[in-house]
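Fold and contact review
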Amino acid sequence: MAIAKRACTSIAAISLLLCYSAVVSCEVTTGEATGEFNVSAANARANAINRGILDPTAKVFNVLQFGAKPGDKEDRHNIDSNHMAFVKAFEAACHHEGKARLVIPRGTFVLGPVTFMGPCNNTPLIVQIQGTIKAITDISEFPGQGEEWVNFQNINGLVVTGSGTFDGQGASCWKYRDTKNDNNVPGQRLPANIQFVEVSNAIVRGITSVNSKGFHYFITGCKNIRLYHLNIIAPDESPNTDGIHISQSDVVKIAKSYIGTGDDCVGMIRGSSNVSVKKVTCGPGHGISVGSLGKYDNEADVKGIIVKDCTLVGTQNGLRIKTYEGKSESRASSMIFQDIVMKDVKHPIIIDQFYGGKDKKMVALGMSSSVACLSFLYITSVLSASWQPTPAPKPNSPVSSPNPEAKSPDPSPATADSPETQLPPTAEGLFDVTDYGAEPDGETETSSPFLEAWNAACSHNGDSTFYIPEGTFLLGPVSITGPCHNNQPPKIVIKGTLMAPPNLSAFPDTNWIVFQDLHGINISGGNGEVPNIDAQGEVEAWKRNSCSKSEKCNKLITSLRFNNVSHGTISNIAVSNSKGFHVAFLDCDNINVYNVSISSPGDSPNTDGIHVGMSTNINITSSNIGAGDDCISIGPGSSNISVADVKCGPGHGISIGSLGKYTDEEDVVGINVRNCTITGTQNGVRVKTWPGAPASRASNLMFTDIVMINVSNPIIIDQEYCPSNSCKSTSEPSLVELSNIHFKNISGTYNTESGVTLICSSGVPCENIHLIDINLNPTEPETPREGRFNVKGVVNGLEILNSSF
């Protein structure tokens, strides 16, 4: 067996117990080789899992509201009450028409076997576990094999998240476990802590599982399920307590978890395909295993296994493949074990095709009755700290050439169809989305690998970069959330183009990419010209936007939304063709935006460039914005907002408002717009409030050093703002107080009857309006228009100096 030159310092004591059946011809290859290796990248990634972040708008179904009884005593009444409450709460959440979240709050709840059965009406269904759920200790409550403790079944779109714990209290019944029969075959297993049956498009994260009676996680018949940041704990001597046991499932991703049990940390048996295990720490236990295989008739094959960047400490085995002797025919193929570190592991690498037999012995491709075939197996870069290197067999050894007629395999383990086999970036802390399966082909949906890469970067202990390389990535709706490790989010670098799904049906709400709960964010792109964010609004969204005709219209999708983000920079980003707003800041503080390009046609409806609301200390500079609505709109609750050196056009100009649409709006204070050029827009600088608006205030507004080129309404205060006559009533005056508004050194041309329009409220006056050094000329100078100044309502303290318009 030729050991690859790129293998790590040592490949420790490889035990091979292989069979070579007279019926089935197989290849076994270790080292740098590919043969016909092809691991699917799981291109079909459902949008449901991307929205697993807890949504504050979701309806909450708390088990306490359905009669759950906290307490850690096995009281029969409480157990029955909890079972009924958990089931009823789940059914209510599952069948709710809309976003739903099932909550198990802090506290301890004793629970017998329970099944959460779908299908559900909402995708995804969020299950948030904050407390501790304890299993009953009476094993007679579990009727027989196959009766697990907590079961999720037949659900498409599921997120199980939180900091809670499943405590199986297995110590009470491990003594009842049949260890081995006369043929050295394990006896009947005990109930698993958590089982997923026929569950698809799911995420499990942050959960702790301790002392399961049997398996901790049992995944069977599932598709596209991701598990990360898990803690799985049981004593080394606890029997058959596999950490994560997988069968008959496709696309299972396990990452960034600690697993220490009494059996396999991860076990992959019949029908497991496209499984990756990355950055897992294993120990104690029996290691990471493929098998046992061949125990039953007509077993489905195992294929596409990647185990990478894992550490195993004090385990009985390290990497193991095991099949039964003399059992049914099946195949395990396309397996990579790469970049593994082992410490004090008894059997670091072992292939055992006599598993379960009485008399195991070392053989080199001898003959036996096993017909389980192993092919295209690669074991590279394995370092064991407790073993010395074993010399490789001579070239003419039977092990080095199991199939003399086979062609020499390709020297590289990576293929175009298997991106997950690529080596990770060499830079420490660089998290490239393509290393998590994202395909830059503009066709493969990439939101799942984006979220995996983000979670890895966000939890990294040290400086990190979330990296999107060149290429086009089709990205469904995602939420990039914090807080991150030590409250230090990764730097976000976008070199490629993110393309939104063109159809509105792909979006469950009104956002595409959301950044949330982050402190110290830094986002940068390329040169600010080639689009980094392309929402494809022209395909369907703009045609269906009816906001110009009706107030009661569907607000379309915001491309980039920032919620509760502070102390950050966004630079050199190009955003285009948004379905709705291009960029929105809500409840943000201390954000610097510069060298940003935003572009969509002038007739694209409701496509504001940058919208700011309920935010403070936002600085927007040195940017080009052209859209179908306001270049920049500043809404209620905004204070200390600065806009400088911005080129605006086409669009509706730079606006404060609209204000007063809702009750209890917070004031707008301290807005400074300066050194801007506004070209070909419907308006220049504008303050707008709704008629009949409830009381609020906008004050200390500065517009200085602005050039207008062919603008329809260069300076306008409009307290009767009512687009498309959509207001319920225009007879009631606006109660939004406008005061201390300065327009200074504004020059250029306009193409309407009025250079300055002040439509103030008849209920509360505009106070202290200053027009200083205003020089605006009509685009048709042969028509005398001196003094084209439109005033309506009440103005107290109007000052006009050195101006002509």
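Residues numbered from 1 in each chain as written. Predicted model: local features only at pLDDT ≥ 70, side-chain atom pairs only at ≥ 80, totals over all residues. Heavy atoms only, no water.

What to know about the overall build of the protein
Short version of the rule: In this description a helix means any DSSP run of H or I spanning at least four residues, a strand means any run of E spanning at least two, and both kinds are numbered starting from the N terminus. Any residue under 20% of the maximum accessible area for its type is buried, any over 50% is exposed, and the rest in between are partly exposed; the area is computed with a 1.4 Å probe on protein chains only. Residue contacts follow a heavy-atom distance rule, with two residues in contact if any of their heavy atoms lie within 4.5 Å.
Counting secondary structure elements, the protein contains 3 helices and 53 strands. Residue burial in the protein is summarised as follows: out of 805 residues, 58% are buried. Sequence separation of 24 or more characterises 79% of the internal contacts of the protein that already satisfy a separation of 6 or more.

So, the pattern of salt bridges
Here the idea is simple: oppositely charged side chains can pair when their charged atoms come close. Inclusion rule: Salt bridge, as used here: a side-chain nitrogen of Lys or Arg that lies within 4 Å of a carboxyl oxygen of Asp or Glu.
Overall, the coordinates contain 13 salt bridges when judged by the stated rule. Two residues, E141 and R76, come together in a salt bridge whose shortest N-O distance is 2.7 Å. You can see E141 sitting in the loop between β7 (132-135) and β8 (150-162) and its partner R76 sitting in helix α1 (residues 76-94), a full 65 residues away along the chain. The partner of R686 in a salt bridge is D630, and the shortest N-O contact between them spans 3.1 Å. Here R686 is found in strand β46 (residues 683-689), whereas its partner D630 is found in the loop between β41 (616-626) and β42 (632-634), with 56 residues between them in sequence. Judged by relative accessible area, which is 6%, R686 ranks as buried. Because the salt bridges share partners, they merge into one network encompassing R76, D80 and E141.

Concerning unusual backbone geometry
Omega for the bond connecting G649 with P650 falls within 30 degrees of zero, at 0 degrees, which places this linkage in the cis form. Along the chain, P650 turns up in the loop between β43 (639-648) and β44 (654-659). The step from G657 to S658 runs through a cis peptide bond, and the omega angle for that step is 10 degrees. By the element assignment, S658 lies in strand β44. Unusually for a residue other than glycine, N595 sits at a positive phi of about 55 degrees. Secondary-structure assignment places N595 in the loop between β38 (589-594) and β39 (597-599). Overall, the relative accessible area of 36% leaves N595 in the partly exposed class. With phi around 60 degrees, D664 is a residue other than glycine that occupies positive phi space.

Considering the state of the cysteines
How we decide: Two cysteine sulfur atoms make up a disulfide if the distance between them is within 2.5 Å.
In the structure shown here, the tally under the stated rule is 5 disulfides. Here C94 connects covalently by a disulfide to C120, the sulfurs 2.1 Å from one another. Residues C94 and C120 are joined through a disulfide that is left-handed, its torsion about the S-S bond being -105 degrees. Residue C94 is located in helix α1, and its partner C120 is located in the loop between β5 (114-117) and β6 (125-129); the two are separated by 26 residues in the primary sequence. For the pair C94 and C120, one class covers both residues: buried. Note that C458 is cross-linked by a disulfide to C484, the S-S spacing being 2.0 Å. What sets the handedness of the C458 and C484 disulfide is the S-S torsion sign, and at about -110 degrees it is left-handed. Of this pair, C458 sits in helix α2 (residues 447-458) while C484 is found in the loop between β29 (478-481) and β30 (491-494), placing the two residues 26 residues apart along the sequence.

Re the UniProt feature "active site" (unreviewed entry) in the protein
How we decide: UniProt positions are given in the numbering used here, feature names are shortened, and annotations may be inferred rather than shown by experiment.
Residues given the UniProt feature "active site" (unreviewed entry) here are H286 and H652. Among the secondary structure elements, H286 is positioned in the loop between β18 (273-282) and β19 (288-293). Residue classification places H286 among the buried residues on the basis of a relative accessible area of 18%. For H652, the location among the structural elements is in the loop between β43 and β44. Setting aside chain neighbours within four positions, we find H652 in contact with G628, D629, D630, T681, Q682, N683 and R686.

Quick notes on the pairing of β41
Test applied: Pairing between strands is defined by DSSP: at least two bridges between the two strands are required.
Sheet topology places β38 next to β41; 5 bridges connect them, and they run parallel. By the bridge assignment for β41, N592 is matched with N619. Sheet analysis places β39 next to β41, joined by 3 bridges and oriented parallel. Bridge pairing links S597 to N624 in β41. Here 8 bridges tie β41 to β43, and the two strands are oriented parallel to one another. Opposite N619, over in β43, you have S642 as the bridge partner.

Topic: the confidence of the model for the protein
Rules: The predictor's confidence in any single residue is recorded as pLDDT, a number from 0 to 100.
Here the protein averages 82 in pLDDT, and 80% of its residues register 70 or above. Scored below 50 in pLDDT, residues 179-186 makes 14 contacts in the model with residues more than four places away or belonging to other chains. Ignoring residues within four places in sequence, the model shows residues 387-427, a span with pLDDT below 50, making 85 contacts including any to other chains.

Regarding α1
Defined as follows: What a helix is expected to span follows from its residue count: subtract one and scale by 1.5 Å.
Taking 1.5 Å per residue, 19 residues should reach 27 Å; α1 reaches 27 Å between its end C-alpha atoms and fits that length. Regarding α1, the residues found buried are I79, S81, N82, A85, F86, V87, A89, F90, A93 and C94.

Thoughts on the side chain of S464
The criterion, for reference: Here a polar contact is recorded for every N or O atom pair within 3.5 Å, except that within protein the pair must consist of a potential hydrogen donor and a potential acceptor, and residues adjacent in sequence are included only if both atoms are side-chain atoms.
Checked against the element boundaries, S464 lands in the loop between α2 and β27 (465-468). Within the local environment of S464, its side chain forms a polar contact with the backbone oxygen of A457, the two atoms lying 3.0 Å apart. Among residues more than four places away in sequence, those in contact with S464 are G429, F431, A457, P490 and K491.

Quick look at the packing of aromatic side chains
The condition that has to hold: Stacked, tilted and edge-to-face are the three classes applied to pairs of Phe, Tyr and Trp rings, where Trp contributes its six-membered ring and a pair requires centres within 6.5 Å; stacked means planes under 30 degrees apart, edge-to-face means over 60, and tilted covers the rest.
Tallied over the entire structure, the rule returns 14 aromatic pairs. Look at W454 and F466: their rings are 5.6 Å apart centre to centre, the planes differ by 85 degrees, and that puts the pair in the edge-to-face class. Of this pair, W454 sits in helix α2 while F466 sits in strand β27, and the two are 12 residues apart along the sequence. Assessed through its relative accessible area of 1%, W454 is described here as buried. For F466, a relative accessible area of 3% gives the class buried. Pairing F562 with F585 gives two aromatic rings, centres 4.9 Å apart and planes at 15 degrees, and the pair type is stacked. Residue F562 is located in strand β35 (residues 558-571), and its partner F585 is located in strand β37 (residues 583-586); the two are separated by 23 residues in the primary sequence.

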